[in-house]
Amino acid sequence: MNPNNYASLEASNRLVKAGIVLVTEAGWWRRNSWQRWSLGYRGLVEDDPRNIIIIPAPGMAEVWRELPATVPDRGLYVPMKLRKAGDGKTWGSYFRDGSQIIDSIKADTNPTDALIDLLIWVRKEASHD
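Since the model is a prediction, treat every value here as computed from it, not as a measurement. (Residues numbered from 1 in each chain as written. Predicted model: local features only at pLDDT ≥ 70, side-chain atom pairs only at ≥ 80, totals over all residues. Heavy atoms only, no water.)

Q: How would you explain the side chain of Thr112 if you had to name every residue and give the values?
A: In this structure, Thr112 sits in helix 4 (residues 111-126). Here Thr112 falls in the buried class, since its relative accessible area comes to 1%. At 3.4 Å, the side chain of Thr112 and the backbone nitrogen of Met60 are in polar contact. (Helix = DSSP H or I, 4+ residues; strand = E, 2+ residues; numbered from the N terminus. Buried < 20%, exposed > 50% of the residue type's maximum accessible area, 1.4 Å probe, protein only. Polar contact = N/O pair within 3.5 Å; in protein donor to acceptor, adjacent residues only side chain to side chain.)

Structure, rendered in structure tokens:
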């Protein structure tokens, strides 16, 4: 299992704290007696009663499905863009006029984490409409 294909523990925590619960194939878990967190496929981890899954760990596709293609801004619908910068960091943003960033999403080297930050922003903004 490649951890770069799934949300980091920190991003998974941000998603849960924002009240966004996604059905995922993976999760961050630990045994009752362990302090170390591990990433594992939910089916395999849940079959062992000594394991406790605490936090869902979505993959990029699971987060991508939740994001709208556009968001309203001043009567216009602006598109979402995911891009990778020269320094290897991934940005998820909604742009107006092809260049102006509407939201200020934190860059992250993990594209799933960048999409999670974008999803949290979108859900927060949508709740104000």
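Moving on from the model shown.
Q: Give a detailed account of the packing of aromatic side chains, specifying residues and quantitative values.
A: This model, assessed by the stated rule, comprises one aromatic pair. Arranged with centres 6.4 Å apart and planes meeting at 85°, the rings of Tyr6 and Tyr41 form a pair that is edge-to-face. Taken together, the positions of Tyr6 in the segment before helix 1 (9-17) and Tyr41 in strand 2 (residues 38-41) put the pair 35 residues apart, joining distant regions of the chain. Taking the relative accessible area as the measure of exposure, Tyr6 reaches 6% and is therefore buried. By relative accessible area, which is 35% here, Tyr41 ends up partly exposed. (Phe/Tyr/Trp six-rings, centres within 6.5 Å; stacked < 30°, edge-to-face > 60°.)

Q: Quick one: what's the story with helix 1, residue by residue and with numbers?
A: In an α-helix, one full turn covers 3.6 residues, which means residues spaced three or four apart are oriented alike. Taken together, the buried positions of helix 1 are occupied by Leu9, Ala11, Ser12 and Leu15. The buried residues of helix 1 occupy one face: seen down the axis, they fall within an arc of 165°. Exposed side of helix 1, more than 90 degrees from the buried face: Glu10 and Lys17 are the residues found there. (Arc of directions from axis to C-beta.)

Q: How would you explain the pattern of salt bridges if you had to name every residue and give the values?
A: The tally for this structure, following the rule as stated, stands at two salt bridges. Put simply, Asp117 and Arg14 hold a salt bridge, and the shortest N to O gap is 3.0 Å. Here Arg14 lies in helix 1 and Asp117 lies in helix 4, a separation of 103 residues in the sequence. Taking relative accessible area as the criterion, Asp117 reaches 11% and is therefore assigned buried. The exposure class assigned to Arg14 is partly exposed, which follows from its relative accessible area of 28%. With a shortest N-O distance of 2.8 Å, Glu66 and Arg123 are connected by a salt bridge. With Glu66 in the loop between helix 3 (60-64) and strand 4 (70-73) and Arg123 in helix 4, this pair connects stretches of sequence that are 57 residues apart. (Salt bridge = Lys/Arg side-chain N within 4 Å of Asp/Glu carboxyl O.)

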